[in-house]
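Residue-level listing of the chains:
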Amino acid sequence: MPSWFRNKSKAFWIPFYLLNCIFNYLSDKILVEKKAIEYPVRFLPKVFKVNFIYNFLVCPFITFRFCLSTNPASLKDIILKLLIFSLPQGLYEIILEKKTNTIKFKGNWKGYYSLALVFAFKIMSLGVYIILKNMMSKREASSR
């Protein structure tokens, strides 16, 4: 992960990474507080009620790779890459819920809601990526 930030674009990737972590954490926190999802097994259970490892490491890394792979890409390629990155991630959550004790869907929450949320977050993250990239390009152009 530290190699992400080695090149000159760390001023771009660090805010993107942090925004992604914040989005993940807040959405997970809301779902846990609404009792839609529970994490019986988690890192530092006395400190975090959410899945810290997933929210701050796994998901941002996958999202980072997704955004890198879509630059530049046609709409068709973006949709294909969205499926390639999001489908396994969402299905993995569903499998974890069914086969392990690491995540439990509660109440009316279903696995396909998690899958839809993964898709939505990837699309949202790509939007943030495009906005940040445009802002950085304009900033670089005005500093010349």
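That block above? That's the structure.
All values reported here derive from a predicted model rather than from experimental measurement.

Time to look at a nonpolar patch on the surface. A surface patch of nonpolar side chains, about 480 Å² in accessible area, is lined by F43, L44, V47, I53, L57 and V58. Structurally, I53 can be placed in helix α2 (residues 52-69). According to the relative accessible area criterion, I53 is partly exposed, its value standing at 36%.

Okay, the pattern of salt bridges next. Under the defined criterion, the tally for this structure stands at 2 salt bridges. Residue K29 pairs with E33 through a salt bridge whose shortest N-O separation is 2.8 Å. With a gap of 4 residues between them, K29 and E33 both fall in helix α1 (residues 10-33), about one helical turn apart. Under the relative-accessibility criterion, K29 is labelled partly exposed at 33%. Linking K106 and E38 is a salt bridge whose minimum nitrogen-to-oxygen distance equals 3.2 Å. Residue K106 is located in the loop between β2 (104-105) and α4 (111-142), and its partner E38 is located in strand β1 (residues 37-38); the two are separated by 68 residues in the primary sequence. With relative accessibility at 33%, the residue K106 sits in the partly exposed group. A relative accessible area of 34% means that E38 is categorised as partly exposed.

Reading the values: the criteria
- Residues numbered from 1 in each chain as written.
- Predicted model: local features only at pLDDT ≥ 70, side-chain atom pairs only at ≥ 80, totals over all residues.
- Heavy atoms only, no water.
- Patch = residues over 30% accessible without salt bridge, like charges linked within 9 Å, V, L, I, M, F, W, Y side chains within 5 Å.
- Areas by Shrake-Rupley, 256 points an atom, 1.4 Å probe, with all protein chains shown as cover.
- Salt bridge = Lys/Arg side-chain N within 4 Å of Asp/Glu carboxyl O.
- Helix = DSSP H or I, 4+ residues; strand = E, 2+ residues; numbered from the N terminus.
- Buried < 20%, exposed > 50% of the residue type's maximum accessible area, 1.4 Å probe, protein only.

Remember, this is a structural readout, not a statement about activity or role.
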